[in-house]
Amino acid sequence: MGSYLVRRLFLILPTLFGASLIVFSFVKAIPGDFISVMLGTQRALLTEEQAEALYRMYGLDKPFILQYLGWLKSVLQGSMGYSFRSGQPVLKEIIARLPITLQLTIMATLLGIVVGLMCGAYAAVKREQFSDFLVRLVGLVGLSLPKFWLGILLILILSVCFKWIPPMGKVVNFTENPIANLAQLGFPALTLGLGLAAEVMRISRSALLEVLGQDFILTARSKGLAEHVVLLRHALRNALIPVITFVGMQVGYLLGGAVVVEAVFSLPGIGRLLVNAVYQRDYPLVQGCVLFTTFMFVMTNLVVDIIYAIVDPRIRYD
Amino acid sequence: MFLENTMKGLRGGGATHRKTRAVCSNLRLKGGGIMRWLVALISLSALVLVAIGGEVPEYGGKLILARTQDVVGLDPHTATAHASHRVFELVYNRLVGLDKDLLPIPELAQSWVISEDGKEYTFYLRQNVKFHNGANFTSADVKASIERILDEKTGSPVRSYFVEIQEIITPDPHIVVFKLKRPLASMLIYFSLPNASIISKDLVNADLNKPENVIGTGPFKLIEWVPDQYMRLKKNEAYFEEGKPYLDEIEIRIIPEESSIVAALRTGEVHFALIENPVTAITIRGIPGVQLSAIPSLRYHLVFINTSRGPLNDVRVRQAISLAIDRQTLIDVAAMGEGVVCGPIPPSNPYWAVPVTELFGYKRDVEQAKLLLKEAGYPNGFKVKLMAPIGEPATAIAEAQFIKAQLREIGIEVEVEPVEFGVYIDRWLKADLDMCMGVNAGAPDPDFYLYRYFHSTGPLQFVIGYWNNPRLDLLLDQGRQEVDLAKRRAIYAEAQKILAQEVPFIWLFSGYEYFAYVDSVKGFVPLSTGSIEYMKNVWLDP
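Right, let's walk through the structure included here. Bear in mind that the values here come from a model prediction, so they are computed numbers and not experimental data.

Here's the deal with the pattern of salt bridges
A full pass over the atoms with the stated rule returns 43 salt bridges over all chains. In this structure, D151 of chain B and K153 of chain B form a salt bridge, with 3.9 Å as the shortest nitrogen-oxygen distance. Of the charged contacts in the structure, one is a salt bridge between R488 of chain B and D445 of chain B, with a shortest N-O distance of 2.9 Å. Within this pair, whereas R488 of chain B is found in helix α17 (residues 485–502), its partner D445 of chain B is found in the loop between β17 (435–440) and α15 (446–454), the two being separated by 43 residues in sequence. If you follow the salt bridges from partner to partner, you end up with K170 of chain A together with K62, E251, R253 and E269 of chain B in one network.

Brief notes about the packing of aromatic side chains
Applying the stated rule across the entire model yields 44 aromatic pairs over all chains. What links up through ring pairs into an aromatic cluster is the set F304, W428, Y453, F454, F462, W467, F505 and W507 of chain B. Above the plane of the ring of Y82 of chain A lies K210 of chain B, whose end atom (NZ or CZ) is 5.9 Å from the centre.

Brief notes about the side chain of D141 of chain B
Residue and element names in this part refer to chain B. Tracing the sequence through the fold places D141 in helix α5 (residues 139–150). At 2.8 Å, the side chain of D141 and the backbone nitrogen of T138 are in polar contact. Every residue in contact with D141, bar those within four places of it in the chain, is listed here: F131, N136, I198, I199, S200 and K201.

So, the packing of helix α9 (residues 215–222) of chain A against helix α10 (residues 227–255) of chain A
Residue and element names in this part refer to chain A. Put simply, α9 and α10 touch, their axes get as near as 10 Å, and they point 155 degrees apart. By the angle between their directions, the pair α9 and α10 is classed as roughly antiparallel. Remark: the crossing between α9 and α10 carries right-handed chirality. Contacts between α9 and α10 pair F216, I217, A220 and R221 from the former with E227, V230, H234, A235 and N238 from the latter.

A closer look at the side chain of H174 of chain B
Residue placement: H174 of chain B occurs in the loop between β6 (165–172) and β7 (175–180). Once you skip the residues sitting within four places of it in the chain, H174 of chain B turns out to touch F123, Y124, L125, R126, Q127, F137 and S139 of chain B.

So, the interface of chain A and chain B
In this assembly, 50 residues from chain A lie in contact with 50 residues from chain B. Carbon and sulfur atoms make up 58% of the surface buried where chain A meets chain B, a total of about 4200 Å² over both sides. When the buried area of chain A at its contact with chain B is split by residue, L45, R85 and K170 of chain A rank highest and sum to 16% of it. Applying the counting criterion to the chain A and chain B interface returns four salt bridges.

Concerning the sheet that holds β7 of chain B
Residue and element names in this part refer to chain B. Across the sheet, which stays open at both edges, the four strands sit in the order β4-β5-β7-β6 with antiparallel pairing between neighbours. Looking at the sheet topology across the chains shown, the edges are occupied by β4 (109–114) and β6. Averaged over all adjacent pairs, the angle separating strand axes in this sheet is 20 degrees, with direction ignored. Relative to strand β5 (residues 120–125), β4 runs antiparallel, the two being bridged by five bridges. Bridging from a neighbouring strand, A109 pairs with L125 of β5.

Topic: the pairing of strand β11 (residues 272–275) of chain B
The side chains of a regular strand alternate, residue by residue, between the two faces of the sheet. All names here are of chain B. Residues F272 and L274 point to one face of β11 and A273 and I275 to the other, with burial holding for every one of them. Sheet topology places β11 next to strand β19 (residues 512–518); four bridges connect them, and they run antiparallel. Bridge pairing in β19 places I275 opposite Y514.

Topic: the sheet that holds strand β1 (residues 62–67) of chain B
Residues and elements named next belong to chain B. Judged by pairing direction, the sheet is mixed, and its seven strands sit side by side in the order β8-β9-β10-β1-β11-β19-β12 without closing on themselves. Of all strands in the sheet, those with a lone pairing partner are β8 (220–226) and β12 (290–296), marking the two edges. Strand-to-strand twist in this sheet, taken as the mean axis angle between neighbours without regard to direction, amounts to 20 degrees. Bridge analysis of β12 against β19 gives seven bridges, and the strand direction is antiparallel. Bridge pairing links S293 to F515 in β19. Sheet contacts for helix α8 (residues 258–267): β1, β11, β12 and β19; angle to β11, the most-contacted strand, approximately 155 degrees.

Points about a negative patch on the surface
Residues and elements named next belong to chain A. Residues E48, E49, E52 and D61 make up a contiguous surface patch of negative charge. Tracing the backbone through its elements, the reader meets D61 in the loop between α3 (48–57) and α4 (64–76). Given a relative accessible area of 44%, D61 falls into the partly exposed group.

A closer look at helix α4 (residues 82–91) of chain B
All names here are of chain B. Of all the 10 residues making up α4, nine are buried; the element is thus mostly covered by neighbouring parts of the structure. Along α4, the positions that sit buried rather than exposed are A83, S84, H85, R86, V87, F88, E89, L90 and V91. Contacts from the buried residues of α4 go to β1, β8, β9 (230–235), β10 (249–254) and β11.

Regarding the nonpolar core
By size, the foremost hydrophobic cluster in this structure holds 185 residues, and its most contacted members are L95, F123, F178, W428 and F454 of chain B. Top contributing element to this core by residue count: α17 of chain B, with seven residues. The residues contacting F123 of chain B, other than those within four sequence positions of it, are L95, V96, A109, S111, W112, H174, I175, V176, F178, L188 and F191 of chain B. Counting residues in each nonpolar core, the second largest holds 59 residues, with Y58, Y68, W71 and V200 of chain A among its members.

Focus on the state of the cysteines
Put plainly, two cysteines are in a disulfide when a covalent bond ties their sulfur atoms together. All names here are of chain B. A full pass over the atoms with the stated rule returns zero disulfides over all chains. Considering cysteine sulfurs only, C342 is the nearest to C436, which forms no disulfide, with 16 Å between them. Residue classification places C436 among the buried positions, given a relative accessible area of 0%.

Quick word on the packing of α4 of chain A against helix α13 (residues 283–311) of chain A
The angle between the axes and the distance between the axes are what describe a pair of packed helices. Residues and elements named next belong to chain A. For the pair α4 and α13, interaxial distance at closest approach is 12 Å and the crossing angle is 55 degrees. Regarding the angle of α4 to α13, the classification is oblique. In terms of crossing hand, the pair formed by α4 and α13 is right-handed. In contact with Y68, W71 and V75 of α4, α13 contributes P284, Q287 and L291. Residues of the contact of α4 with α13, tallied by class, amount to five nonpolar, one polar and no charged.

Considerations on helix α6 (residues 130–144) of chain A
Since there are 3.6 residues in each turn of an α-helix, residues three or four apart along the chain are aligned in direction. Residues and elements named next belong to chain A. For α6, with 15 residues, the first-to-last C-alpha span of 21 Å sits near the 21 Å given by 1.5 Å per residue. Looking only at α6, the buried set comprises S131, D132, V135, G139 and G142. Each buried residue of α6 lies within a common arc of 105 degrees when the element is viewed along its axis, so the set occupies one face. Opposite the packed face of α6, turned more than 90 degrees from it, sit the exposed residues F130 and S144. On its buried side, α6 packs onto α5 (90–125) and α8 (178–212).

Rules used throughout
- Residues numbered from 1 in each chain as written.
- Chains lettered and ligands numbered in written order.
- Predicted model: local features only at pLDDT ≥ 70, side-chain atom pairs only at ≥ 80, totals over all residues.
- Heavy atoms only, no water.
- Salt bridge = Lys/Arg side-chain N within 4 Å of Asp/Glu carboxyl O.
- Helix = DSSP H or I, 4+ residues; strand = E, 2+ residues; numbered from the N terminus.
- Phe/Tyr/Trp six-rings, centres within 6.5 Å; stacked < 30°, edge-to-face > 60°.
- Lys NZ or Arg CZ within 6 Å of the ring centre and 35° of its normal.
- Polar contact = N/O pair within 3.5 Å; in protein donor to acceptor, adjacent residues only side chain to side chain.
- Contact = heavy atoms within 4.5 Å.
- Axes fitted to C-alpha atoms, helices over the stretch in contact; angles between N-to-C directions.
- Parallel < 35°, antiparallel > 145°, perpendicular 65-115°, else oblique.
- Left-handed = near helix turned anticlockwise from the far one by under 90°.
- Buried area = accessible area lost by both parts, 1.4 Å probe.
- Pairing = 2+ DSSP bridges.
- Buried < 20%, exposed > 50% of the residue type's maximum accessible area, 1.4 Å probe, protein only.
- Patch = residues over 30% accessible without salt bridge, like charges linked within 9 Å, V, L, I, M, F, W, Y side chains within 5 Å.
- Areas by Shrake-Rupley, 256 points an atom, 1.4 Å probe, with all protein chains shown as cover.
- Lys, Arg positive; Asp, Glu negative; His and termini not counted.
- Charge placed at Lys NZ, Arg CZ, Asp CG, Glu CD.
- Core = buried A, V, L, I, M, F, W, Y, C linked by side-chain atoms within 4.5 Å.
- Disulfide = S-S within 2.5 Å.
- Nonpolar A, V, L, I, M, F, W, Y, C, P; charged D, E, K, R; others polar.
- Expected span 1.5 Å × (residues − 1).
- Arc of directions from axis to C-beta.

The structure is reproduced here in structure tokens:
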């Protein structure tokens, strides 16, 4: 396990390098650049000298490969450069948005796992009964609802019926005011978590149904174990692998930012940062965000692999 | 008549500004009698207002303003985004301001004199104005600011408006003289642009995109900016306008989704909002406790035509396209009825705009359009591409789809190309297009937007395929230099008629600038430029 971990950790470096190079090339390939997006059609009012001065100021006068190497150098020196738009260090911009993204990911994932597993187990036990159909139907609806629509609907209901909406545009830290913080993030987490719960419910239900049909469950039941013990200790643990795989992937995506929900609830997360950076061709910021999300994705995968081994001792990494 | 007289008094040409100057100096120098009467009159009207239940401004309070876009750059001389301009209007001042009718009024300049030949502008500056860092404002700051704009290294797009300046002289700390190479009737208006904000001379070499270097003389000081979240501005206690601003603080919050802004207005979470999408505006109109101020915008929606590409190089084809589009129905269908049909100068600029009924192509005539296409050699129409930027403005795609449907009736097959804004700009700058949708920022003076597109030496000529017209060239040159207002108006009226006839653009409509606010917000004056500079007049009714 130890050597496996070391090997995996070493693999992170080439992964990050590859991802950054690919994204840098792609973003550069999109027509338009920071100066023309910033100035819009007024870019055409600049003289040659003015334009050159601006491109030089942002280092955009250099050839593609030199720009990339310059960026790489700044990363190796522990900095990620400065955002074109805000003039602030890229690292600072990312760190400022990290708490929101992390908290949203954790809350949505917990909600998804708890609700999803409970409903999945319930539906599996009540297989082909009315309540199974009902849970599956609700799950299907939850899965089909577009998140932006659900988010807007939630805000509309809150504002019209309760004359209240979560605080917008300004983040309240959990340590400063836990209640206001949970009020701010609860509804976006709910919006994200419901879809996740629906998916977890479907996966856990089918995995449980498969496990419940196996011989060792029959053995457990024949030993006279209570049904909840059979379900929780024997069946659920064995049905968790596909759920973990799925949740792991989702956590990776969520850490990359939930753009739509962030926009609807006006939360400054990583997702909006990256999308705005792409729109504005803020190359250092795009690179920084991509490096960060790739790193988070790789780490999540690694953690998922470790959890596999813990949940199912038959899985070994030698 | 009254309007015309007011305009004559203040707008445009140099001769008229000499009158303004005379009025200003009367008040200032021989002040005694007139000033006493004025003060008495103002006090009396204040008393009357209180007596009849009028409202007296309250000091204090924090106003929360919501909008979808954060600033794109904080350098007042280079950032062109409207979102950035709204901040400049609060933090900086210009030499010249605009009143609610977009007429030039004193701002940092208390008064001005324009020489007989229109080539020398002398500004008498306010005394006792301080920058947010405590430094005194003098003519050296004005000189440094305009020189920074003129310096090519700054990369300022407004440099092109000031290139006629030959020399800037500061004979006194409170007098600045601009000597021009040739007369430029629109010069005063250029000094009122947010991009002509006056910065401290000590900061000309600083990175003005950094929030700590945002130091102006304006009514509010920038004290904190968290990108994509909020910006906090505190009252400038030393602001030069007596008694203003009323608010202690403004917090600008970024809420990217307009429907969420509506919800926040409904609950009172925000006091004030800048709205872009007409659909949102319509929603707001029905909400009790929320006011919507919709003022006809100077911005106008249009179709750019690349006249260097066939068949669009034939004027008959362009006329046919213009005749085939029913602009009022386009407003009703694509913009929910939120707009006014416009010609080359939008009706929100009433002094200069020629009514569309007097312009060619504003009455839909499909038969005539077909006839013109046939004469041009395209009896069966042709195929053409129409690029449309997604979301800029919100109605761009809907407008393009509508035009596609209307042009099909005369046999022209339009392919709508929806593109992301950055791609749109890139292609626009290369004139890589047949036709494309767009919104142009208008300006209080016609020279500003007509010369750069339609004069054969205009810097934006390339985008319409270098279309030009000798008669129009002559008119635009005359319009630049003519100081007599009535003559200038006649010049631009003829220019508009030529443009509508020749169709290098298809002018569609101008929408509204929307400002939504809860009932407790008082005193706001909307401007058709979308400016929020009158935030200094706003107060909160507790």
